[in-house]
Protein chains: 2
Amino acid sequence: MALNPQKPALDPAYLEKLQDYYAEHKVIPSYSVLATLWGISAKSWVAECVKRFEEAGYLDWTPDRQLKPGARFFERRLADSTVQAGLPNPAISEGYDLVTIDDYLVRVPSRTSLVRVKGDSMIDAGIHEGDLLVVEQQPNANVGDIVVAIVDNEFTVKYLDRERGNFVLKPANKAYPVIRPRGRLEIFGVMAGLVRRVR
Amino acid sequence: MALNPQKPALDPAYLEKLQDYYAEHKVIPSYSVLATLWGISAKSWVAECVKRFEEAGYLDWTPDRQLKPGARFFERRLADSTVQAGLPNPAISEGYDLVTIDDYLVRVPSRTSLVRVKGDSMIDAGIHEGDLLVVEQQPNANVGDIVVAIVDNEFTVKYLDRERGNFVLKPANKAYPVIRPRGRLEIFGVMAGLVRRVR
DNA sequence: TTGACAACAGAACAGTCGTTCGGTAGCTTA
DNA sequence: TAAGCTACCGAACGACTGTTCTGTTGTCAA
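Not measured: the values here are computed from a predicted model.

Within the secondary structure, Lys26 of chain A is located in the loop between helix 1 (12–25) and helix 2 (31–38). Among the residues examined, Lys26 of chain A registers a relative accessible area of 12% and is labelled buried. Not counting the four nearest positions on each side in its chain, Lys26 of chain A is found in contact with Tyr21 of chain A together with Tyr22, Lys26, Pro69, Phe74, Thr100 and Asp103 of chain B.

And the structure:
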């Protein structure tokens, strides 16, 4: 049966408990806390398990030898629409590492804001009321970008376009008019992503 | 000048350095590492600064007295569409704490997958090609839910509906037909959120 | 029935942790 | 010019950390 002599078993239940702990506290606990978390009473055995998770890429060390989440720790199963033939447990097959959704969406934390969308003026761009817009704050943008602009002391989300040398804001909904600002157009930032929660 | 006698100064540069460190390692370092990170040579002074960040809500402790990020540590500025009159620096006004986008979207990490959307069959529900669907894996769902089902060994995203006692999958695009599965409908999970990255 | 291995327990230990306390230098305020 | 505060430094200490090493128990194959 020793087909894979290199791989010692590693308990997925342990990983889940650690991930739950991390989700709550955003920190990897010490070995003794891990011990009680895992229901183990010997630190030495905790160390052994940690080493396995480390070798599997779920845990890692900082330069100062502090335990930290590894590359695969945040791995969420990313499943592709097209799945190969025999799928006993569909999503398991493709283990693609996409770290955090935050990391996926936010490139420059200090310049990134979230703006809650009101109204349906951008519905044809798939932007619905209540969605959260990930906005990178910057004073200018390119034609074609979806921008968050400040018009009459309110935020509006629109496509940026140009008409006879002037910037205009175009909605993605025929029911709304194009906004042609008199004077300078004040841009708050450009859309870098979108987050929607359902239910 | 002692108008606010209660508030000792806390250095925002320290916080930024900590946040950068955390962004890289996903862990709060020890006092001695913090000391070198902040360019301080006395641990006692690090302890003092940490206490201030703790009192301000940026740091916190686990039940086991390990240092961890506090509620405001991940704070991203969430700006509302309607902003009051005088807006010199629009987004600053509303400091709303929404922790991580991950926390916002995923409730049960172990049962949550991400599915990349192919095709435009759900475009009227604001689900575009290339979007990432946050899916909570579960074998059944309610009518009206957007579900990820397995049909002919492929994932499909559709509305779940019922027709004459049988479950059917309805697209949100008139160009696509309703799917009426013969036999059992295999549900992979229900949509809990949506993530889109632009550019 | 022996041996090998995996899954643990427990003790011992040096290094590191965070805390406490006593100190100093510079700036205000009175 | 003395008193008081803030921003730091440095040493000492006990508690806790992760490591190592030596068992013990159960399972499975030969």
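After that view, the rundown keeps rolling.
Before going further, it helps to examine the interface of chain A and chain B. Often the size quoted for an interface is simply the accessible area lost on bringing the parts together. In this complex, chain A contributes 72 residues to the contact, which on the side of chain B involves 70 residues. At the junction of chain A with chain B, the criterion picks out two salt bridges. Counting across the interface, chain A meets chain B through 26 residue pairs in polar contact (both at pLDDT 80 or more). Of all the secondary-structure elements, those providing two or more residues to the side of chain A that touches chain B are helix 1, strand 2 (67–69), strand 3 (78–79), helix 4 (101–105), strand 4 (112–116), strand 5 (132–137), strand 7 (154–163) and strand 9 (186–197) of chain A. Top contributing element to the side of chain A that touches chain B by residue count: strand 9 of chain A, with nine residues. Along the lines of polarity and charge, the residues of the side of chain A that touches chain B split into 38 nonpolar, 13 polar and 21 charged. The sheet contact formed by strand 9 of chain A and strand 9 (residues 186–197) of chain B spans five bridges and is antiparallel. Across the sheet, residue Arg196 of chain A finds its bridge partner in strand 9 of chain B, namely Leu194 of chain B.

Before going further, it helps to examine the environment of Pro171 of chain A. Residue and element names in this part refer to chain A. Among the structural elements, Pro171 can be located in the loop between strand 8 (166–170) and strand 9. Judged by relative accessible area, which is 15%, Pro171 ranks as buried. Look past the residues within four positions of Pro171 in its chain and what remains in contact with it is Ser121, Met122, Lys158, Tyr176, Pro177 and Val178.

Take the packing of aromatic side chains next. Here a ring pair, both rings aromatic, is described through the centre-centre distance and the interplanar angle of the planes. All names here are of chain B. Enumeration according to the criterion identifies 14 aromatic pairs over all chains in this entry. Judged by centre distance (5.4 Å) and plane angle (70 degrees), the ring pair of Tyr22 and Phe73 falls under edge-to-face. Here Tyr22 is found in helix 1 (residues 12–25), whereas its partner Phe73 is found in the loop between strand 2 (67–69) and strand 3 (78–79), with 51 residues between them in sequence. Owing to a relative accessible area of 5%, Tyr22 belongs among the buried residues under this scheme.

Before going further, it helps to spend a moment on the relation of the copies chain A and chain B. Note: a rotation about an axis with an accompanying shift along it relates these two copies of the chain. After a rotation of 180 degrees and a shift along the axis of 0.8 Å, chain A superposes on chain B with an RMSD of 1.0 Å. Each copy turns onto its partner about a two-fold axis. Of the C-alpha atoms belonging to chain A, the one lying closest to the rotation axis is found on Gly126 of chain A, 1.9 Å away. When the interface residues of chain A are mapped onto chain B, 96% of them again fall at the interface, so both copies present the same face.

Okay, the protein's contact with DNA strand D next. DNA strand D sits among 13 residues. The nearest are Tyr31, Ser32 and Lys43 of chain A together with Ser41 and Ser44 of chain B. If you look at DNA strand D and keep only atoms within 4 Å of the protein, 56% of those are sugar or phosphate atoms. A distance of 2.6 Å separates a base nitrogen of DNA strand D from a polar side-chain atom of Lys43 of chain A. For the surface near DNA strand D, the element with the highest residue contribution is helix 3 (residues 43–55) of chain B, accounting for three residues. Residues that form the surface near DNA strand D fall into these classes: five nonpolar, five polar and three charged.

Now for the pairing of strand 9 of chain A. All names here are of chain A. Summarising burial for strand 9: ten of the twelve residues are buried, a large majority. Across six bridges, strand 5 lies against strand 9 in antiparallel orientation. Bridge pairing in strand 9 places Val135 opposite Met191. One ladder, built from four bridges, connects strand 6 (residues 146–151) with strand 9; its direction is antiparallel. Considered in strand 9, the bridge of Val148 is made with Gly189.

The next point concerns helix 2 (residues 31–38) of chain B. Residues spaced three or four apart along an α-helix face the same direction, because each turn holds 3.6 residues. Residue and element names in this part refer to chain B. Turning to helix 2, its buried residues are Val33, Leu34, Ala35 and Trp38. Buried residues along helix 2 sit in contact with helix 1 and helix 3. Once helix 2 ends, the next one or two residues include Gly39, with phi positive near 70 degrees.

Glancing now at the pattern of salt bridges. Oppositely charged side chains are able to pair whenever their charged atoms sit close together. If you walk through the whole model with that rule in mind, you get 16 salt bridges over all chains. Here Asp124 of chain B makes a salt bridge to Lys174 of chain B, at a shortest N to O gap of 3.9 Å. Of this pair, Asp124 of chain B sits in the loop between strand 4 (112–116) and strand 5 (132–137) while Lys174 of chain B sits in the loop between strand 8 (166–170) and strand 9, placing them 50 residues apart in sequence. With relative accessibility at 76%, the residue Lys174 of chain B sits in the exposed group. What you see here is one network of salt bridges that share partners, running through Glu48, Lys51 and Arg52 of chain A.

Right, let's talk about the protein's contact with DNA strand C for a bit. Near DNA strand C, the surroundings consist of 14 residues, among which Ser41 and Ser44 of chain A together with Tyr31, Ser32 and Lys43 of chain B are the closest. A distance of 2.7 Å separates a phosphate oxygen of DNA strand C from a polar atom in the backbone of Ser41 of chain A. At a separation of 3.2 Å, a phosphate oxygen of DNA strand C approaches a polar backbone atom of Ala42 of chain A. The set of elements that each furnish at least two residues to the surface near DNA strand C consists of helix 3 (43–55) of chain A together with helix 2 and helix 3 of chain B. Looking at the surface near DNA strand C, the element that brings in the most residues is helix 3 of chain A, giving three residues.

Rules of the game
Residues numbered from 1 in each chain as written. Chains lettered and ligands numbered in written order. Predicted model: local features only at pLDDT ≥ 70, side-chain atom pairs only at ≥ 80, totals over all residues. Heavy atoms only, no water. Helix = DSSP H or I, 4+ residues; strand = E, 2+ residues; numbered from the N terminus. Buried < 20%, exposed > 50% of the residue type's maximum accessible area, 1.4 Å probe, protein only. Contact = heavy atoms within 4.5 Å. Salt bridge = Lys/Arg side-chain N within 4 Å of Asp/Glu carboxyl O. Polar contact = N/O pair within 3.5 Å; in protein donor to acceptor, adjacent residues only side chain to side chain. Nonpolar A, V, L, I, M, F, W, Y, C, P; charged D, E, K, R; others polar. Pairing = 2+ DSSP bridges. Phe/Tyr/Trp six-rings, centres within 6.5 Å; stacked < 30°, edge-to-face > 60°. Least-squares fit on C-alpha atoms with pLDDT ≥ 70 in both. Near = heavy atom within 4 Å.

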